[in-house]
Amino acid sequence: MSIGLHLFGIALLLTVLLAMDDPHFNALFSGGFEDDNDNVMDPATVTTTTTQISYDGQRHFDLPIIQAKLFIPHFKVHIEGNSIIYKIFNVVDNQVDVKRCLINAQKRNWELKTLILMFKGISHYEGQSDNHTALPCPGELLVEGHHSNYGEPWAGGRDVFEFLAESSHLTPNSRVLEIGCGTLRVGLHFIRYLIPEHFHCLERDELSLMAAFRYELPSQGLLHKRPLIVRGEDMDFSKFGSGVVYDLIYASAVFLHMPDKLVWVGLERLVSKLKPYDGRIFVSHNIKFCSRLGGEECTKRLASLGLEYSGKHTHDSLLFNHYEIWFEFRRSKA
Ligand SMILES: C[S@@+](CC[C@H](N)C(=O)[O-])C[C@H]1O[C@@H](n2cnc3c(N)ncnc32)[C@H](O)[C@@H]1O
């Protein structure tokens, strides 16, 4: 190994050790929030957005959304300390380890079959007379097949949330509307962060909504956040109330699947629901509904609605080699 690499390693280690000795770092890592006058600064004071709000008798701290960067060096050291070297797990000596590959697949098949046959694992009530389940969830959802419904990795939902939240200066009080939230891959992170009832979604697919309502919200302990999720496919937002104004409206991998005409109908209806100037609409992947008209015509059409295009962004994934492309719009008139 070259001297340069050694020096780099030593510098990295020193940085990490300094960070770990840093009271802010330790307080953040241990989840300590209280300012107890012990000369250890409250972690909230080292963040940029530090409001504290209450709802339902619970305190909610507005910690920075993108915390991962602060902790990456710490986790890299732990990963190395456990000798977990990056590799593809199911391949040993260039051979696929079939046994290992199949553990999960077999278990899931088994789970699915037994659940469908009403044998609920080892401990279950006998007989069919009493249903002890408060919010019954179909077996297909319990084995999380819906995490792979839409091509994009489920884990990427967090990346999308972090990008949108930072770009729109989200706070827990913000109001957010997602068009086509699917199985809540992204929406879950918003629902967790926002105060109750502040996340809305219009989604057309029944199976996705079943997964959202019967699996994701209960299993993530988010029922109390009471997101308003409405089934519909006509860009009809009347069920969300006439007075609501959103800080963020976004469509993740949705507008590219819709007819252009429907996207324009939706935008026209959404303008009055977007906070003037500060509110943002974000659209992922492409904006062919607009560019297909031609640059000038596209700008004119947006302007006629009171919208303007503010730019294109990319955002890197934390976990896999991938970036998302996002297009930003804002309301140009009050
Ligand atoms: C590729 S999935 C993306 C789901 C989610 N946004 C995500 O990032 O994981 C596209 C979603 O848009 C929904 N969708 C498509 N056309 C729609 C429409 N006209 N109205 C409401 N939802 C629609 C689909 O049902 C699907 O859930």
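Please read all numbers here as calculations on a predicted model, not as lab measurements.

A. Up close: the overall build of the chain. Each helix and strand counted, the chain has eleven helices and eleven strands in total. Put simply, the chain has 334 residues, and 25% of those count as buried. A fraction of 68% describes how many contacts in the chain between residues 6 or more apart in sequence connect residues 24 or more apart.

B. The arrangement of unusual backbone geometry in detail. One non-glycine residue with positive phi stands out, namely glutamate 197, at about 70°. Along the chain, glutamate 197 falls in the loop between helix 7 (187–193) and strand 6 (199–203). Phi at histidine 285 takes a positive value of approximately 70°, unusual for a residue other than glycine.

C. Expanded view of helix 9 (residues 260–270). Where helix 9 is concerned, the buried positions are Val263, Gly266, Leu267 and Leu270. The buried residues of helix 9 occupy one face: seen down the axis, they fall within an arc of 100°. If you follow the buried residues of helix 9, they end up packed against strand 5 (176–179), strand 8 (248–251), helix 10 (288–291), helix 11 (295–305) and strand 10 (307–316).

D. Layout of the nonpolar core. In terms of nonpolar packing, the biggest core is built from 49 residues, with Leu164, Val176, Phe190, Leu248, Ile249 and Val283 touching the most fellow members. Ignoring any residue separated from it by four or fewer positions in sequence, one finds valine 176 in contact with Phe190, Leu194, His198, Phe199, His200, Tyr246, Asp247 and Leu248.

E. Local environment of the environment of isoleucine 179. Residue placement: isoleucine 179 occurs in strand 5. Look at isoleucine 179 and you get buried, because 23 C-beta atoms sit within 10 Å. As a C-alpha pair, isoleucine 179 and cysteine 201 span 22 residues in sequence and 5.8 Å in three-dimensional space. Other than its neighbours up to four places away in sequence, isoleucine 179 contacts Leu202, Ala251, Val254 and Gly266.

F. Just helix 6 (residues 156–167), in detail. With twelve residues, helix 6 extends 17 Å from end C-alpha to end C-alpha; this agrees with the ideal 16 Å at 1.5 Å per step. Summarising the contacts, the buried residues of helix 6 are in contact with helix 7, strand 8, strand 9 (280–284), strand 10 and strand 11 (323–331). Positive backbone phi, approximately 50°, marks histidine 169, located one or two places after helix 6.

G. Main features of the sheet that holds strand 9. Strand order in the open sheet made by the seven strands is 7-6-5-8-9-11-10, with mixed pairing throughout. The open sheet terminates on both sides in strands that have one partner only, identified here as strand 7 (228–231) and strand 10. The average undirected angle you get between the axes of adjacent strands in this sheet is 20°. Here three bridges tie strand 5 to strand 8, and the two strands are oriented parallel to one another. Bridge assignment links glutamate 178 to a residue of strand 8, and that residue is tyrosine 250. Sheet contacts for helix 8 (residues 206–219): strand 6 and strand 7; angle to strand 7, the most-contacted strand, approximately 160°.

H. Geometry of the pairing of strand 9. Counting buried residues along strand 9, five of its five residues qualify, which places the element largely inside the surrounding structure. Each parallel crossover has a hand, and for strand 8 linked through helix 9 to strand 9 it is right-handed. The pairing of strand 9 with strand 11 spans five bridges and is classified as antiparallel. If you follow valine 283 over to strand 11, its bridge partner there is phenylalanine 327.

I. Main features of the pairing of strand 7. With four bridges connecting them, strand 6 and strand 7 associate as parallel partners. Considered in strand 7, the bridge of glutamate 203 is made with arginine 231. For the handedness criterion, the β-α-β arrangement of strand 6, helix 8 and strand 7 is classed as right-handed.

Parameters at a glance
Residues numbered from 1 in each chain as written. Predicted model: local features only at pLDDT ≥ 70, side-chain atom pairs only at ≥ 80, totals over all residues. Helix = DSSP H or I, 4+ residues; strand = E, 2+ residues; numbered from the N terminus. Buried ≥ 20, exposed ≤ 12 C-beta atoms within 10 Å, placed from the backbone. Contact = placed C-beta atoms within 7 Å. Arc of directions from axis to C-beta. Core = buried A, V, L, I, M, F, W, Y, C linked by C-beta atoms within 7 Å. Expected span 1.5 Å × (residues − 1). Pairing = 2+ DSSP bridges. Axes fitted to C-alpha atoms, helices over the stretch in contact; angles between N-to-C directions. Right-handed = clockwise from strand over helix to strand, strands pointing away.

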